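# Working through the structure, step by step
Here is how the chains run, residue by residue.
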Amino acid sequence: QVQLVESGGGLVQAGGSLRLSCVASGRTFSTYGMGWFRQAPGKEREFAAAISSGGTTYYADSVKGRFTISRDNAKYTVYLQMNSLKAEDTAVYYCADRTRFSAVGVTAAGRYDRWGQGTQVTDSS
């Protein structure tokens, strides 16, 4: 059974950095795309970033230039490096996979297949 396990969340001051990790298990990681979504209290889950199996990256406008998504296929892991964090980045961050990945619907949560349990990122300012 496929599992996705996120880690790396925590308290961080505005302007600080965090790196989130998501380890996948259960199938061939290198063949499918991965995404990071986030959900703030009282808000809907929203797209943050995604990466295709070939390494093409996609970002929400709200995080572009501050967040970087990357993957290490040998480690079955996708990362989200978050720099210059803002108070509005406070949310639970989820990773998700998508076997039939394409640019179409890359921001749509419903297009992703499996989800992790989430990791909390909180502004401590």
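Attention in this report is confined to the structure presented alongside it. (Residues numbered from 1 in each chain as written. Predicted model: local features only at pLDDT ≥ 70, side-chain atom pairs only at ≥ 80, totals over all residues. Heavy atoms only, no water.)

### Concerning the overall build of the protein chain
- Helix and strand content of the protein chain: 0 helices and 11 strands.
- Each helix and strand of the protein chain, placed in order from N terminus to C terminus, yields the pattern β-β-β-β-β-β-β-β-β-β-β.
- At 13 Å, the protein chain has a C-alpha radius of gyration in line with the 14 Å of a compact globule built from 125 residues.
- Oriented by its inertia axes, the alpha-carbon framework of the protein chain measures out at about 40 × 25 × 25 Å.
- Counting all 125 residues of the protein chain, 42% fall into the buried class.
- A separation threshold of at least 6 residues defines the contact pool for the protein chain, and within that pool the share at least 24 residues apart is 59%.
- Taking the average place of the 14 positive charges on the side chains of the protein chain and the average place of its 10 negative ones, the gap between the two points comes to 6 Å. (Helix = DSSP H or I, 4+ residues; strand = E, 2+ residues; numbered from the N terminus. Rg over C-alpha atoms; globule rule 2.2 N^0.38 Å. Buried < 20%, exposed > 50% of the residue type's maximum accessible area, 1.4 Å probe, protein only. Contact = heavy atoms within 4.5 Å. Lys, Arg positive; Asp, Glu negative; His and termini not counted. Charge placed at Lys NZ, Arg CZ, Asp CG, Glu CD.)

### Things to note about the pairing of strand 3 (residues 18–25)
- Bridging between strand 1 (residues 3–7) and strand 3 involves 5 bridges; their strand directions are antiparallel. What sits directly across from Glu 6, in strand 3, is Cys 22.
- Note that strand 3 and strand 8 (residues 77–82) share 6 bridges and pair antiparallel. Paired with Arg 19 across the bridge in strand 8 is Gln 81. (Pairing = 2+ DSSP bridges.)

### Description of the sheet that holds strand 3
- Across the sheet, which stays open at both edges, the 4 strands sit in the order 1-3-8-7 with antiparallel pairing between neighbours. Each of the sheet's edge strands pairs with one partner strand only, and the pair in question is strand 1 and strand 7 (67–72). The mean inter-strand angle of the sheet, taken between neighbouring strand axes irrespective of direction, is 15°. (Axes fitted to C-alpha atoms, helices over the stretch in contact; angles between N-to-C directions.)

### A look at the packing of aromatic side chains
- Throughout the structure, instances matching the rule amount to 7 aromatic pairs.
- When the ring of Tyr 58 is compared with that of Phe 101, the centres are 5.8 Å apart and the planes differ by 55°; the resulting orientation is tilted. One end of the pair, Tyr 58, is in strand 6 (residues 57–59); the other, Phe 101, is in the loop between strand 9 (91–98) and strand 10 (114–115), and 43 residues separate them in sequence.
- For Tyr 58, a relative accessible area of 22% gives the class partly exposed.
- For Phe 101, a relative accessible area of 18% corresponds to the buried category.
- An aromatic cluster of at least three residues, connected via ring pairs, comprises Phe 37, Phe 47, Tyr 112 and Trp 115. (Phe/Tyr/Trp six-rings, centres within 6.5 Å; stacked < 30°, edge-to-face > 60°.)

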